[in-house]
Amino acid sequence: AVTKSFTRDDIAMELNEVKASTLIIAGKYDERSTSEDIETFLHDIPDAQLETFKHSGLYPMVEEKREFLEVVTAFFNVQSVLDDEQERLHTSHKA
């Protein structure tokens, strides 16, 4: 199953179905994901954001742990604020 997951190449057909806020994380020296893969993700996932870790390969969460945690925490905090604002706007329009 693991080997099959690395050879699956039809995922691009499903990317435009992603509805959640998406942060794409890449290591500059990652030999697994190509720049073409990342461009596909950015193009096909609505409103996707990219964060490239300049001193990492495949595992930025280990290789740049502090920076990784800061980026991910900031992403979730911003998304939470945006979600709250959307809810507030939605509620105020109902009144």
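Residues numbered from 1 in each chain as written. Predicted model: local features only at pLDDT ≥ 70, side-chain atom pairs only at ≥ 80, totals over all residues. Heavy atoms only, no water.

Visitor: Please explain the overall build of the chain as it appears in this structure.
Guide: Assigned secondary structure in the chain consists of four helices and two strands. Listing every helix and strand of the chain by position from the N terminus yields α-β-α-β-α-α. Looking at the 95 residues of the chain, the share that counts as buried comes to 20%. Taking all contacts inside the chain whose residues are at least 6 apart in sequence as the whole, residues at least 24 apart take part in 70%. Surface exposure of the chain reaches about 7700 Å², of which carbon and sulfur atoms provide 56%. (Helix = DSSP H or I, 4+ residues; strand = E, 2+ residues; numbered from the N terminus. Buried < 20%, exposed > 50% of the residue type's maximum accessible area, 1.4 Å probe, protein only. Contact = heavy atoms within 4.5 Å. Areas by Shrake-Rupley, 256 points an atom, 1.4 Å probe, with all protein chains shown as cover.)

Visitor: When you look at the pairing of strand β1 (residues 23-27) in this model, what are you seeing that I'm missing?
Guide: Residues in a regular strand project their side chains so that they alternate between the two faces of the sheet. Alignment of β1 against strand β2 (residues 49-53), held across five bridges, turns out to be parallel. Each residue of the ladder has a partner; that of leucine 23, found in β2, is glutamine 49. Note on the crossover from β1 through helix α2 (residues 35-44) to β2: the handedness is right-handed. (Pairing = 2+ DSSP bridges. Right-handed = clockwise from strand over helix to strand, strands pointing away.)

Visitor: Can you help me understand helix α4 (residues 65-94) in this one?
Guide: The α-helix winds at 3.6 residues per turn, so residues separated by three or four positions along the chain end up facing the same way. Along its 30 residues, α4 runs 43 Å from first to last C-alpha, staying within 8% of the 44 Å computed at 1.5 Å per residue. Contacts made by the buried residues of α4 are with β1, β2 and α3 (60-63). (Expected span 1.5 Å × (residues − 1).)

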